[in-house]
Amino acid sequence: MIDLQERIIREVLREGSQKLKDSETPWLDATVLLASLLKCSREKLLASYPERLEEELFHSFMDLIEKRRSGHPVAYLTGSKEFFGRSFFVEQGILCPRPDTEVLIEAALDQIERRGYRRIHDLCAGSGCIALTLALENSELRVSASDISSTSESVFEKNRNNLCAGNVKFRLASLLKGLEGPLDLIVSNPPYLTTVETEDRMDQNWREPALALDGGEDGLDLIREIIRDAPLLLNKKGMLMMEADPRQMDEMERLMGAAGFDKIKRVQDLASHERVIQGEIP
């Protein structure tokens, strides 16, 4: 424990990271939490190593550390998560944006440029990181989004306003029900964990909502529904593109082929894992 007279930032961070030793990224977690508390960048924080931390701030930081130890995602504690170079507001009840999903963004932007797609819809939108990023990366797109969660609706609207992407429309809906076509591209990061995997994470005190994680017995319940219904809303030569677990790609390709998609392709992430699958309506 740090002596009351020795609460310099370097030592405070060291204590915080030691308390988070069971985290995959204890030092990163500690620095992000303290930088957020001090309302400064991590770079400025690390340049402030020799400075002392006020007692009130020290206790606030340790409260955050304890919440992190109990399973709260760092993004919930800071209220934001960076995604594709932008800061997205997040809160409990929303899946935190993940770097893996940036592969879906890059794949979508590539197809939009190649094929001249203009009308895009994001299913299971969550925080809005996919729909809003696409709209901000290409101002000519007509982007819409939907999710079944009312929390998603409020968080999406906040991010849309914060990022000045007011032209993106949100609809509270279950998957493709009630949506109007035709669409050029449907993108989605749907729940794809199995129920057992989801329950395991809940037992490990994960705080993200099971609704955004649980894809049923084999993780493919919602994916099957999306693949079945998407052709009814897509233009000829339109495309469905989804993120999923690499282990699910074989079955997803079979399902997409059976639903009438062709030119099915898998896209790898930076770790060479198959992360995205896409298929075209002939």
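Position numbers for residues count from 1 along each chain, tracking the sequence in the order it is written. The model is predicted, so local features are restricted to residues of pLDDT at least 70 and side-chain atom pairs to those at 80 or more, both for listing and for counting; the totals for chains, interfaces and linings are taken over all residues. Working from all heavy atoms in the structure, the side-chain values ignore hydrogens and water.

1. Regarding the environment of Leu185
Take Leu185: it is sitting in strand S6 (residues 183–188). With 137 residues separating them in the primary sequence, Leu185 and Ser48 have C-alpha atoms 47 Å apart. Strands are runs of DSSP state E lasting at least two residues, helices are runs of H or I lasting at least four, and both sets are numbered from the N terminus onward.

2. Topic: the environment of Ile281
In this fold, Ile281 is placed in the segment after strand S9 (274–280). By relative accessible area, which is 12% here, Ile281 ends up buried. Each C-alpha atom, one on Ile281 and one on Pro97, is 29 Å from the other, the two residues being 184 residues apart in sequence. Exposure classes here rest on a 1.4 Å probe applied to the protein chains alone. A residue is buried below 20% of its type maximum, exposed above 50%, and partly exposed in between.

3. Observations regarding unusual backbone geometry
Gly181 connects to Pro182 through a cis peptide bond whose omega is 0°. Here Pro182 shows up in the loop between strand S5 (169–172) and S6. Within the chain, Cys164 stands out as a residue other than glycine whose phi angle is a positive 55°. Note on placement: Cys164 falls in the loop between helix H8 (150–162) and S5. Here Lys263, not a glycine, exhibits a phi torsion of approximately 50°, which is positive. Following the sequence through the fold, Lys263 ends up in strand S8 (residues 262–268). Among the residues examined, Lys263 registers a relative accessible area of 54% and is labelled exposed.

4. Observations regarding the pattern of salt bridges
A side-chain nitrogen of Lys or Arg and a carboxyl oxygen of Asp or Glu constitute a salt bridge if their distance falls within 4 Å. In the structure shown here, the tally under the stated rule is 23 salt bridges. A salt bridge links Arg115 to Glu280; its shortest N-O distance comes to 2.3 Å. In this pair, Arg115 sits in helix H6 (residues 102–115) while Glu280 sits in strand S9, placing the two residues 165 residues apart along the sequence. Classification of Arg115 by relative accessible area gives partly exposed; the value is 35%. Here Glu280 falls in the buried class, since its relative accessible area comes to 1%.

5. Concerning the layout of surface pockets
Quantified by volume, the largest pocket comes out at close to 1800 Å³. Lining residues are defined by having an atom within 4 Å of a point belonging to a cavity or pocket. Those points lie on a 1 Å grid over the protein atoms alone, cavities being sets where a 1.4 Å probe fits but cannot get out and pockets being open sets with protein on both sides within 12 Å along at least five of seven lines. In terms of lining, the largest pocket is formed by 50 residues, of which the most central are Glu24, Arg68, Lys81, Arg98 and Glu208. Those elements that place two or more of their residues in the lining of the largest pocket are helix H2 (26–38), helix H4 (55–69), helix H5 (74–78), strand S1 (80–83), strand S2 (86–89) and helix H9 (195–203). The leading source of residues in the lining of the largest pocket is S1, at 4 residues. For this scheme, ten residues count as nonpolar: Ala, Val, Leu, Ile, Met, Phe, Trp, Tyr, Cys and Pro. Four count as charged, namely Asp, Glu, Lys and Arg, and the remainder, Gly too, count as polar. Class assignment for the residues of the lining of the largest pocket results in 20 nonpolar, 10 polar and 20 charged. Grid points are joined across faces, edges and corners, and a volume is the space filled by probe spheres set on the points. Taken as a whole, the second largest pocket holds about 460 Å³ of empty space.

6. So, the pairing of S1
Pairing geometry for S1 and S2, over 4 bridges, is antiparallel. Counterpart to Glu82 in the pairing with S2 is Ser87. The pairing criterion is simple: DSSP has to find at least two bridges between the two strands. Hairpin remark: S1 followed by S2, antiparallel, with 2 residues in the connecting loop; positive phi at Phe84, about 55°.

7. Concerning the packing of H2 against H4
Two elements in contact, H2 and H4, have axes separated by 10 Å at closest approach and are oriented at 135°. Taken together, the axis directions place H2 and H4 in an arrangement best described as oblique. When the axes of H2 and H4 are compared, the crossing they make is right-handed. Together, Asp29, Ala30, Leu33, Leu34, Leu37 and Leu38 of H2 and Leu57, Ser60, Phe61, Leu64, Ile65 and Arg68 of H4 make up the contact between the two elements. Axes here mean lines fitted to C-alpha atoms, for a helix over just the part in contact, with angles spanning 0 to 180 degrees between N-to-C directions. For classification purposes, angles smaller than 35 degrees are called roughly parallel, those larger than 145 roughly antiparallel, those between 65 and 115 roughly perpendicular, and all remaining angles oblique. Two helices that cross are described as forming a left-handed crossing if the nearer one is turned anticlockwise from the farther one by less than a right angle, and a right-handed crossing if clockwise. The contact criterion used is simple: two residues touch if any of their non-hydrogen atoms lie within 4.5 Å.

Treat this as a map of the structure, not an account of what it does.
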